[in-house]
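Read off the chains here:
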Amino acid sequence: MHRSFGRSFDELKRIVAFTEAFFAEERIDPSLRNIVDLCVEELFVNMVTYNLETDQDVLIELSRHGNGVQVSLTDFNVERFDPRQVAPVDVSAPLEERTPGGLGLYLVMKMADAIHYEYRDRSSKITFIADGNKPDV
Amino acid sequence: MFDIGIDESGRVAISGRLDAAQAPRAQEFLDRVADSCVIDMSHLEYISSAGLGVLLRTHKRLMAQGNGVRLINVSAHINDIFTYSGFDRLFDIEAAGIES
């Protein structure tokens, strides 16, 4: 299942409806919904916020992966950005050293069970799997 | 659907999905809170990093005034996100099912 979404946070409502329909159709374990929704939102918001050189829609693809889900987000006509290379957030820092922002991709790395990145012909494609097989952190 | 308001016991009650689209509305509301703040999360279904940013910004502002934010009735899933984010070290958090 795939669908394109405009570069606006207002699209999050449509994205949630899209994943909800996929989970129902494929009878995916509902306990994975929050993880999928969070990872999709964080990656989508990151693309919309930082890839300002394009006005093309973001493509989201959902497919079954065993008992879980494989999700890909593709941003077209953008520079390379591998989220796996982002420096980790120091979540043990005291309050005075913490600043809002920066947690989104960190949470994706923590919560997704696997992440793959591909950059080809100026298309940036991030794929993650949520199947509940990641060891506890 | 997201909503935020003051409940009958004077607590801030947030419900629904606190995502990047709703974070500005939550921030605008919490920016008007002047004293210590208890946020009831019993009906909060979902929070993303944008919502975490709202909580952190509010907590830092109130802590600087000698107050702070207390989070109550936090579901297991949202508590996991707080733990991953290190918020369990920064906030007074009470899990759902524990009466204060």
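Calculation criteria
Along each chain, residues carry numbers from 1 onward, in the same order as the chain's sequence is written. Whichever chain is written first becomes A and whichever ligand is written first becomes 1, with later ones labelled in order. Local features are withheld for residues below a pLDDT of 70 in this predicted model, meaning they are given only at 70 or higher, and side-chain atom pairs are given and counted only at 80 or more; totals for whole chains, interfaces and linings count all residues. To form a nonpolar core, buried Ala, Val, Leu, Ile, Met, Phe, Trp, Tyr and Cys residues must be joined through C-beta atoms within 7 Å. Exposure criterion: with C-beta atoms placed from backbone coordinates, a residue whose C-beta has 20 or more other C-beta atoms within 10 Å is buried, one with 12 or fewer is exposed, and one in between is partly exposed. Helix and strand labels come from DSSP, where a helix needs a run of H or I of at least four residues and a strand needs a run of E of at least two; each type is numbered from the N terminus. We call two residues in contact if the C-beta atoms placed from their backbones are at most 7 Å apart. Pairs of strands are assigned from DSSP output, requiring at least two bridges between the strands. Residues are sorted three ways: Asp, Glu, Lys and Arg are charged, Ala, Val, Leu, Ile, Met, Phe, Trp, Tyr, Cys and Pro are nonpolar, and all the rest, Gly among them, are polar. To obtain an axis, a line is fitted to C-alpha atoms, over the contacting stretch when the element is a helix, and the angle between two such axes runs from 0 to 180 degrees between their N-to-C directions. Each crossing is labelled by how the near helix is turned from the far one, with a counterclockwise turn of less than a right angle marking it left-handed and a clockwise turn marking it right-handed.

Participant: Hey, could you run me through the nonpolar core in this one?
Facilitator: The tendency in soluble globular proteins is for nonpolar side chains to be buried side by side. All names here are of chain A. Ranked by internal contacts, the top residues of the largest apolar core, which has 58 residues, are Cys39, Val71 and Leu73. Counting residues per element, this core draws most heavily on helix 2 (residues 33-50), which supplies nine residues. For Cys39, the contacting residues outside a window of four places in its chain are Val71, Val108, Met111, Ala112, Phe128 and Ala130.

Participant: When you look at the pairing of strand 4 (residues 114-120) of chain A in this model, what are you seeing that I'm missing?
Facilitator: Regular strands place their side chains on alternate faces of the sheet. Here seven bridges tie strand 4 of chain A to strand 5 (residues 123-130) of chain A, and the two strands are oriented antiparallel to one another. Among the inter-strand pairings, Ile115 of chain A is bridged to a residue of strand 5 of chain A, identified as Phe128 of chain A.

Participant: Help me out: how do you make sense of the interface of chain B and chain A in this one?
Facilitator: Many structure descriptions define interface size as the accessible area lost when the parts assemble. At the interface, 19 residues of chain B touch 19 residues of chain A. Elements that contribute at least two residues to the side of chain B that touches chain A include exactly helix 2 (49-63) and helix 3 (76-85) of chain B. Broken down by element, the side of chain B that touches chain A gets its largest block of residues, seven residues, from helix 2 of chain B. By residue class, the composition of the side of chain B that touches chain A is nine nonpolar, six polar and four charged.

Participant: What am I meant to see in the packing of helix 2 of chain A against helix 3 (residues 103-111) of chain A here?
Facilitator: A pair of packed helices is captured by two measures, namely the crossing angle of their axes and the spacing between those axes. Residue and element names in this part refer to chain A. As a packed pair, helix 2 and helix 3 sit with axes 9 Å apart at the nearest point and diverge in direction by 145 degrees. As for how helix 2 packs across helix 3, the hand of that crossing is left-handed. Judged by residue contacts, Ile35, Leu38, Cys39, Glu42, Leu43, Val45 and Asn46 of helix 2 engage Gly104, Leu105, Leu107, Val108 and Met111 from helix 3. Taken together, the residues of the contact of helix 2 with helix 3 sort by class into nine nonpolar, two polar and one charged.

Participant: Please explain the sheet that holds strand 1 (residues 2-5) of chain A as it appears in this structure.
Facilitator: The strands making up a sheet are joined through hydrogen bonds of the backbone, oriented either antiparallel or parallel. All names here are of chain A. If you trace the five strands from one edge of the open sheet to the other, you get 1-2-3-5-4, paired in antiparallel fashion. One side of each edge strand has no neighbouring strand; the edge strands of this open sheet are strand 1 and strand 4. The average angle at which neighbouring strand axes cross in this sheet is 20 degrees, direction not considered. With eight bridges connecting them, strand 3 (residues 68-76) and strand 5 associate as antiparallel partners. Paired with Val71 across the strands is Phe128, a residue of strand 5. Contacting strand 1 and strand 2 (58-65), helix 1 (residues 12-26) runs over the sheet at an angle of about 20 degrees to strand 2. On top of the sheet, helix 2 reaches strand 2, strand 3 and strand 5; it is set at about 10 degrees to strand 3, its chief contact.

Participant: How should I be thinking about the environment of Gln70 of chain A in this particular structure?
Facilitator: Residues and elements named next belong to chain A. Checked against the element boundaries, Gln70 lands in strand 3. Residue Gln70 is classed as partly exposed on the basis of its C-beta count, with 18 C-beta atoms lying within 10 Å. Setting aside chain neighbours within four positions, we find Gln70 in contact with Ser63, His65, Thr127 and Ile129.

Participant: Just to check I follow, could you spell out unusual backbone geometry for this structure?
Facilitator: Negative phi characterises most residues that are not glycine, and trans characterises most peptide bonds. All names here are of chain A. Backbone geometry places Arg27, a non-glycine residue, at a positive phi of 55 degrees. In this structure, Arg27 sits in the loop between helix 1 and helix 2. Positive phi values are uncommon outside glycine, yet Asp121 reaches one of about 50 degrees. With 6 C-beta atoms packed within 10 Å, Asp121 lands in the exposed category.

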